[in-house]
Amino acid sequence: MSAPNTAVSSQVSAAIPDGPCGDDDCGIRDVLDRLGDRWTVLVVVELAKGSRRYGELERAIPGISQRMLSLTTKRLCRDGLVERIVHPTLPPQVEYRLTAMGSSLSAVISGLADWSRDHKPAIEEARAEWDAEHPSGHTA
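Because the structure is predicted, anything quoted here is derived from the model rather than measured. (Residues numbered from 1 in each chain as written. Predicted model: local features only at pLDDT ≥ 70, side-chain atom pairs only at ≥ 80, totals over all residues. Heavy atoms only, no water.)

Draft legend 1. Geometry of the side chain of Arg-52. For Arg-52, the position within the fold is in strand S1 (residues 52–53). Given the relative accessible area of 18%, Arg-52 is considered buried. If sequence neighbours within four positions are ignored, Arg-52 has contacts with Glu-46, Leu-47, Leu-57, Val-94, Glu-95 and Tyr-96. (Helix = DSSP H or I, 4+ residues; strand = E, 2+ residues; numbered from the N terminus. Buried < 20%, exposed > 50% of the residue type's maximum accessible area, 1.4 Å probe, protein only. Contact = heavy atoms within 4.5 Å.)

Draft legend 2. Structural context of the sheet that holds strand S2 (residues 82–87). Taken in spatial order, the three strands of this open sheet run S1-S3-S2, and their pairing is antiparallel. In this open sheet, the two edge strands, each paired with only one partner strand, are S1 and S2. Of the strand pairs in this sheet, S2 and strand S3 (residues 93–98) are connected by six bridges, and their pairing is antiparallel. Bridged to Glu-83 within S3 is Arg-97. (Pairing = 2+ DSSP bridges.)

Draft legend 3. Quick look at a nonpolar patch on the surface. Taken together, the side chains of Ile-28, Val-31 and Leu-32 make up a nonpolar region of the molecular surface, amounting to roughly 240 Å² of accessible area. With respect to the element layout, Val-31 can be found in helix H2 (residues 28–35). (Patch = residues over 30% accessible without salt bridge, like charges linked within 9 Å, V, L, I, M, F, W, Y side chains within 5 Å. Areas by Shrake-Rupley, 256 points an atom, 1.4 Å probe, with all protein chains shown as cover. Salt bridge = Lys/Arg side-chain N within 4 Å of Asp/Glu carboxyl O.)

Draft legend 4. Main features of the packing of helix H3 (residues 38–47) against helix H5 (residues 66–78). Relative orientation of the contacting elements H3 and H5 amounts to 75 degrees, with a least axis distance of 10 Å. Between H3 and H5, the interaxial angle falls into the category roughly perpendicular. Only Met-68, Leu-69, Thr-72 and Leu-76 of H5 make contact with H3, whose side of the interface consists of Trp-39, Thr-40, Val-43 and Val-44. In the contact of H3 with H5, the residues fall into six nonpolar, two polar and no charged. (Axes fitted to C-alpha atoms, helices over the stretch in contact; angles between N-to-C directions. Parallel < 35°, antiparallel > 145°, perpendicular 65-115°, else oblique. Nonpolar A, V, L, I, M, F, W, Y, C, P; charged D, E, K, R; others polar.)

Draft legend 5. Structural context of the pattern of salt bridges. One pass over the structure, following the stated rule, counts five salt bridges. One salt bridge connects Glu-83 with Arg-97, and the closest N-O pair in it is separated by 2.8 Å. With Glu-83 in strand S2 and Arg-97 in strand S3, this pair connects stretches of sequence that are 14 residues apart. A residue is classified by how much of its surface remains accessible, and Glu-83, at 33% relative accessible area, is partly exposed. Between Glu-124 and Lys-120 there is a salt bridge; the shortest N-O distance is 4.0 Å. Here Glu-124 and its partner Lys-120 are both found in helix H6 (residues 100–133), four residues apart, which amounts to about one turn of the helix. For Glu-124, a relative accessible area of 44% corresponds to the partly exposed category.

Draft legend 6. View of H5. Given a rise of 1.5 Å per residue, 13 residues ought to cover 18 Å, and the 18 Å separating the end C-alpha atoms of H5 matches this to within 8%. Among all positions in H5, only Leu-69, Thr-72, Thr-73 and Leu-76 are buried. Viewed along the axis of H5, the buried residues span an arc of 95 degrees, placing them on a single side of the element. Residues of H5 that are exposed and angled more than 90 degrees away from the buried face: Arg-67, Lys-74 and Arg-78. Looking at the packing, one finds that the buried side of H5 touches H2, H3, helix H4 (54–60), S2 and S3. (Expected span 1.5 Å × (residues − 1). Arc of directions from axis to C-beta.)

Have a look at this one:
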């Protein structure tokens, strides 16, 4: 490439920010990694209803194993979204509740759930149309 073309290419690439956050690291990958885990969303939704003991959480989330619930709550505590409260009883009673940051996340998740409900019929219709036009079943 000639020098003028290289200079123009450099200016254009410099004007287009990299990634969804531009040049800074806004943490979107970390957030999506956490939210991409289906158990995280379900635990946050359940805790948005109020504090829950471990057993209550386990019963409220069908299909979650003890291991996955334990791992998920630990990750949410580490991220500052959930607070773990240990009551000094024998045996110790543990309950979980959303922190202020976790509550703000639950509002976002609630908005996403509302969007899902509002658009579910349109998505199902679009999928049916796609499937009719692409009978091989390939989605790519």
